[in-house]
Amino acid sequence: YRPGRAFDRLFEAPAPHWGLYATLVRFVATALASILALALLGMRPFAPSYLTLTRHDTARPRCSFFRCSGWPSGSCPVRLSISFFGVESDIDWIMNVVGFAPLVVTPVVWLVDWLTIALGLHGADAAIPAYAAVSSWEIGLVAVGFRKFERLPWIAAVTWGALVKAGVCIPMAELFVR
């Protein structure tokens, strides 16, 4: 209910450990909650990759690579761009925010996944508006975290939140996971 207070508590946690723990918990739980369900139902969990150099049967290893690399890959451009503007920042706290914010929205992603599976719409474009809303929420959470930890103005915090999600994580997912 109060993301600012949650990020205050996160500030007390060791960084970047909690960002890593949140990333691992999120993706292990997602594998058990959604990907396993699709596999048990005989459905393909992933669409073929846009990368022509990979085969579809390598989707799970690609997914694992993406999920582990998306966390630092989303954090580093933020750190670099913040320092480009001469603002003092801490990569450890940025990594905590980038790792923790997606964990908060993950239960809603599972709900959308399960609804599309139950309605036979998995892989269809019907869920795009729901995923867009969840991504916007995630950008907002990242912005609150950046505002708390890095003392950024709101417009900068939202811009860097969008950079993480729309500039790094979504393109990487489209390439590696789809």
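Residues numbered from 1 in each chain as written. Predicted model: local features only at pLDDT ≥ 70, side-chain atom pairs only at ≥ 80, totals over all residues. Heavy atoms only, no water.

Here's the deal with the packing of aromatic side chains
Reasoning step 1: Following the criterion strictly, the structure yields 2 aromatic pairs and no others.
Reasoning step 2: Considering the side-chain rings of Trp 18 and Tyr 21, the 5.4 Å spacing of their centres and the 85° angle between planes classify their relative orientation as edge-to-face. In this pair, Trp 18 and Tyr 21 both sit in helix H2 (residues 17-40), 3 residues apart, roughly one turn of the helix.
Reasoning step 3: When its relative accessible area of 38% is taken as the criterion, Trp 18 is described as partly exposed.
Reasoning step 4: Residues Trp 110 and Trp 114 carry aromatic rings whose centres are separated by 6.3 Å and whose planes lie at 25° to one another, so their mutual orientation is stacked. With Trp 110 and Trp 114 both in helix H4 (residues 91-118) and 4 residues apart, the pair spans about one turn of that helix. (Phe/Tyr/Trp six-rings, centres within 6.5 Å; stacked < 30°, edge-to-face > 60°. Helix = DSSP H or I, 4+ residues; strand = E, 2+ residues; numbered from the N terminus. Buried < 20%, exposed > 50% of the residue type's maximum accessible area, 1.4 Å probe, protein only.)

A short note on the nonpolar core
Reasoning step 1: Ranked by internal contacts, the top residues of the largest apolar core, which has 28 residues, are Val 78, Phe 146, Leu 152 and Trp 160.
Reasoning step 2: Setting aside its immediate chain neighbours within four residues, Trp 160 contacts Val 78, Ser 81, Ile 82, Phe 85, Phe 146 and Leu 152. (Core = buried A, V, L, I, M, F, W, Y, C linked by side-chain atoms within 4.5 Å. Contact = heavy atoms within 4.5 Å.)

Describing H4
Reasoning step 1: Relative to the 40 Å expected for 28 residues at 1.5 Å per residue, H4 spans 41 Å between its end C-alpha atoms, a close match to the ideal helical length.
Reasoning step 2: Bending of H4 peaks at approximately 40° at the position of Val 105, with proline Pro 107 no more than four residues after it.
Reasoning step 3: The backbone nitrogen of Asp 92 lies 3.0 Å from a side-chain oxygen of the residue at the head of H4, namely Asp 90.
Reasoning step 4: Looking one or two residues beyond H4, the residue adopting positive phi is Gly 120, at roughly 75°. (Expected span 1.5 Å × (residues − 1). Bend = angle between axes of the 7 residues up to and from the residue. Polar contact = N/O pair within 3.5 Å; in protein donor to acceptor, adjacent residues only side chain to side chain.)

Details of the pattern of salt bridges
Once the charged atoms of two side chains with opposite charge are near each other, the side chains can pair.
Reasoning step 1: What the rule picks out here adds up to 1 salt bridge.
Reasoning step 2: Across the pair Lys 165 and Glu 138 runs a salt bridge, and its minimum N-O distance is 3.1 Å. Of the two residues, Lys 165 is situated in helix H6 (residues 154-176) and Glu 138 in helix H5 (residues 128-150); the sequence distance between them amounts to 27 residues. (Salt bridge = Lys/Arg side-chain N within 4 Å of Asp/Glu carboxyl O.)

Concerning a nonpolar patch on the surface
Reasoning step 1: Together, Trp 18, Leu 20, Tyr 21 and Leu 24 make up an exposed nonpolar region whose accessible area comes to about 360 Å².
Reasoning step 2: One can find Leu 20 in helix H2.
Reasoning step 3: Among the residues examined, Leu 20 registers a relative accessible area of 34% and is labelled partly exposed. (Patch = residues over 30% accessible without salt bridge, like charges linked within 9 Å, V, L, I, M, F, W, Y side chains within 5 Å. Areas by Shrake-Rupley, 256 points an atom, 1.4 Å probe, with all protein chains shown as cover.)

A word on the environment of Phe 11
Reasoning step 1: One can find Phe 11 in helix H1 (residues 3-12).
Reasoning step 2: Taking C-alpha positions, Phe 11 is 9.3 Å from Gly 145, a pair spaced 134 residues apart along the chain.
Reasoning step 3: When neighbours within four sequence positions are excluded, Phe 11 is seen to be in contact with Trp 93 and Phe 149.

What to know about the side chain of Asp 113
Reasoning step 1: Within the element layout of this structure, Asp 113 appears in helix H4.
Reasoning step 2: Once residues lying within four places of it in the same chain are set aside, the contact partners of Asp 113 are Ser 34 and Tyr 131.

Overview of the environment of Met 43
Reasoning step 1: One can find Met 43 in the loop between H2 and helix H3 (59-84).
Reasoning step 2: Of the residues examined, Met 43 reaches a relative accessible area of 29% and is grouped as partly exposed.
Reasoning step 3: Separated by 79 residues in the primary sequence, Met 43 and His 122 have C-alpha atoms spaced 8.8 Å apart.
Reasoning step 4: Those residues within four positions of Met 43 in sequence are excluded, and the remaining contacts are Leu 38, Ile 117 and His 122.

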